Amino acid sequence: MLLLTCPYCGVAAEETELHGGGEAHLKRFGPGSSDDDFSEYLFHRENPRGVHFERWRHVNGCGKWFHAARCTNTLEVFGTYSAQTTEPPNDLLDTIRAKRPGFSWRNLA
Amino acid sequence: MSDVQLALGGASFQGLAKIEELPGQGMVTLRADLDDKAVVAAVKDVFDVDMPGLRGTSLDGANGALWMSPDEALLLCSYDEAQAKADALADKLSGAHALVVNVSDARSVFKLTGGLLREVLAKLAPVDMAPGAFEPGQVRRTRLAQVAAAFWMDDAYSARVVCFRSVADYMFGILSNAADENAQVRYF
Ligand SMILES: [Zn+2]
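In this text, all values refer to a predicted model and were calculated from it rather than measured experimentally. (Residues numbered from 1 in each chain as written. Chains lettered and ligands numbered in written order. Predicted model: local features only at pLDDT ≥ 70, side-chain atom pairs only at ≥ 80, totals over all residues. Heavy atoms only, no water.)

(A) Representation of the overall build of chain A within the structure. Along chain A, the regular secondary structure elements total two helices and six strands. Secondary structure elements in chain A, listed N-terminal to C-terminal, are β-β-β-α-β-β-β-α. Relative to the 2.2 N^0.38 estimate, which gives 13 Å for 109 residues, the radius of gyration of chain A is 15 Å and therefore close to what a compact globule would have. Here the C-alpha coordinates of chain A stretch approximately 40 × 35 × 20 Å along the principal axes. When the 109 residues of chain A are sorted by exposure, 39% land in the buried category. Contacts in chain A between residues far apart in sequence, at least 24 positions, make up 49% of those at least 6 positions apart. For chain A, the distance from the average position of its 12 positive side-chain charges to the average position of its 14 negative side-chain charges is 2 Å. (Helix = DSSP H or I, 4+ residues; strand = E, 2+ residues; numbered from the N terminus. Rg over C-alpha atoms; globule rule 2.2 N^0.38 Å. Buried < 20%, exposed > 50% of the residue type's maximum accessible area, 1.4 Å probe, protein only. Contact = heavy atoms within 4.5 Å. Lys, Arg positive; Asp, Glu negative; His and termini not counted. Charge placed at Lys NZ, Arg CZ, Asp CG, Glu CD.)

(B) Representation of the coordination of the zinc ion. Residues and elements named next belong to chain A. Around the zinc ion, the protein supplies Cys6 (SG), Cys9 (SG), His58 (ND1) and Cys62 (SG) as donor atoms, at distances of 2.1 to 2.4 Å. Coordination at the zinc ion comes from four donor atoms whose angles at the metal span 97 to 117°, giving a geometry best classed as tetrahedral. Taken in chain order, the donor set of the zinc ion reads C-x2-C-x48-H-x3-C. Of this pair, Cys9 sits in the loop between strand S1 (3–5) and strand S2 (12–14) while His58 is found in the loop between strand S4 (51–57) and strand S5 (65–71), placing the two residues 49 residues apart along the sequence. (Donors = N, O, S within 2.8 Å, 3.2 Å for Na, K, Ca; no water. Tetrahedral: all angles 85-135°; square planar, octahedral: opposite > 155°, others 65-115°.)

(C) View of the side chain of B:Glu119. Residues and elements named next belong to chain B. Its place among the elements puts Glu119 in helix H3 (residues 117–124). Salt bridges are absent for the buried Glu119, whose nearest opposite-charge side chain, Lys123, sits at 4.5 Å. Residues contacting Glu119, with those up to four places away along its chain left out, are Leu16, Ala183, Gln184, Val185, Arg186, Tyr187 and Phe188. (Salt bridge = Lys/Arg side-chain N within 4 Å of Asp/Glu carboxyl O.)

(D) Molecular detail of the interface of chain A and chain B. On the chain B side, the residues contacting the eleven residues of chain A number 15 residues. The three residues of chain A that bury the most area against chain B are A:Glu17, A:Asn60 and A:Lys64, which together make up 37% of that side's buried surface. At the boundary of chain A and chain B, one finds two salt bridges. Residues A:Glu17 and B:Arg140 are paired through a salt bridge, measuring 2.8 Å at the closest nitrogen-oxygen approach. Between chain A and chain B we count six residue pairs in polar contact (both at pLDDT 80 or more) in total. Of the residues in the side of chain A that touches chain B, the class split is four nonpolar, four polar and three charged. (Buried area = accessible area lost by both parts, 1.4 Å probe. Polar contact = N/O pair within 3.5 Å; in protein donor to acceptor, adjacent residues only side chain to side chain. Nonpolar A, V, L, I, M, F, W, Y, C, P; charged D, E, K, R; others polar.)

(E) Representation of the packing of H3(B) against helix H4 (residues 168–178) of chain B in the model. All names here are of chain B. The N-to-C vectors of H3 and H4 enclose an angle of 120°; their axes lie 9 Å apart at closest approach. One finds that H3 runs oblique with respect to H4. Once H3 is placed against H4, the crossing between them reads as right-handed. Across from Val120, Lys123 and Leu124 in H3, the residues of H4 making contact are Ile174, Leu175 and Ala178. (Axes fitted to C-alpha atoms, helices over the stretch in contact; angles between N-to-C directions. Parallel < 35°, antiparallel > 145°, perpendicular 65-115°, else oblique. Left-handed = near helix turned anticlockwise from the far one by under 90°.)

(F) Representation of the sheet that holds strand S3 (residues 19–23) of chain A. Residue and element names in this part refer to chain A. Taken together, the four strands give an open sheet; going across it, the order is S3-S4-S5-S6, and neighbouring strands pair in antiparallel fashion. At either end of the open sheet lies a strand with only one pairing partner, and these are S3 and strand S6 (77–81). In this sheet, adjacent strand axes meet at a mean angle of 30° when their direction is disregarded. The sheet contact formed by S5 and S6 spans four bridges and is antiparallel. Looking at S6, one finds that His67 is bridged to Tyr81. Strands S4, S5 and S6 of the sheet are contacted by helix H2 (residues 90–99), whose axis makes an angle of about 170° with S6. (Pairing = 2+ DSSP bridges.)

See the structure below:
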């Protein structure tokens with residue numbers, strides 16, 4: 001059972017209150033972008049065994065979108081954070097570096 | 001004023017807890033920044049209650065305010081006053097980034113009464129209903145079985161559950177089932 005603490009209402013919500021929103025921090029490439037950027041945006045996703053950053057929505061709850069960092073291998077949750085950001089907060093990255101030395105995810109390490 | 005048309009005509013069930021469909025609960029949804037002093041003051045003016053904090057309730061007689069999210073509150077009042085209060089609040093907030101809607105007829109409200117109401121809710125919602133973990137003064141938006149709902153305890157022996165009117169029949173069914181006299185768990 002996955003428990004994620006919603007940063008907006010503070011509830012430690014279990015999976016059935018939540019809806020997964022896929023990979024976090026995607027940058028949208030739309031009309032006018034190069035074919036490579038567009039196909040990268042549209043089709044390419046991280047699929048790590050280990051540290052992953054995702055979007056989740058507290059759908060059966062306060063309704064807010066938020067971000068979560070967790071380990072896909074162990075289901076350990078490193079933390080959740082605001083949706084209003086384009087990258088994970090530094091203190092969370094430090095926590096993950098300490099727990100998973102050498103981890104890498106896209107351009108983060 | 002025309003008669004209130006309840007979804008289930010005021011259904012009730014007596015089991016581990018008493019389940020009653022409440023006649024005409026006035027409910028006004030407010031979407032706005034709940035930390036905005038102008039919003040807090042307008043709610044105080046019209047509903048005469050303080051804005052509750054995170055997942056809090058602020059109840060005073062028929063009036064009340066429930067914290068739904070950082071930018072949403074459900075305001076309670078008598079059914080007959082709901083539209084006038086919604087209009088008055090919308091008027092006061094006309095200059096703010098805010099939305100006010102009377103949702104009294106779009107929701108159904110069930111009252112649960114009895115010492116075992118924690119058990120009834122715990123069977124249906126993924127919420128820790130242990131005394132101390134959930135108490136009067138708190139509101140929880142969640143799901144009850146398969147439908148979205150919000151509930152709060154008015155005191156140790158009574159709680160109210162709000163859901164969409166369209167699922168009132170389902171809600172009454174699952175609440176009654178969870179309150180079946182032969183289904184006591186005695187966990188709390
Ligand atoms: Zn939430």
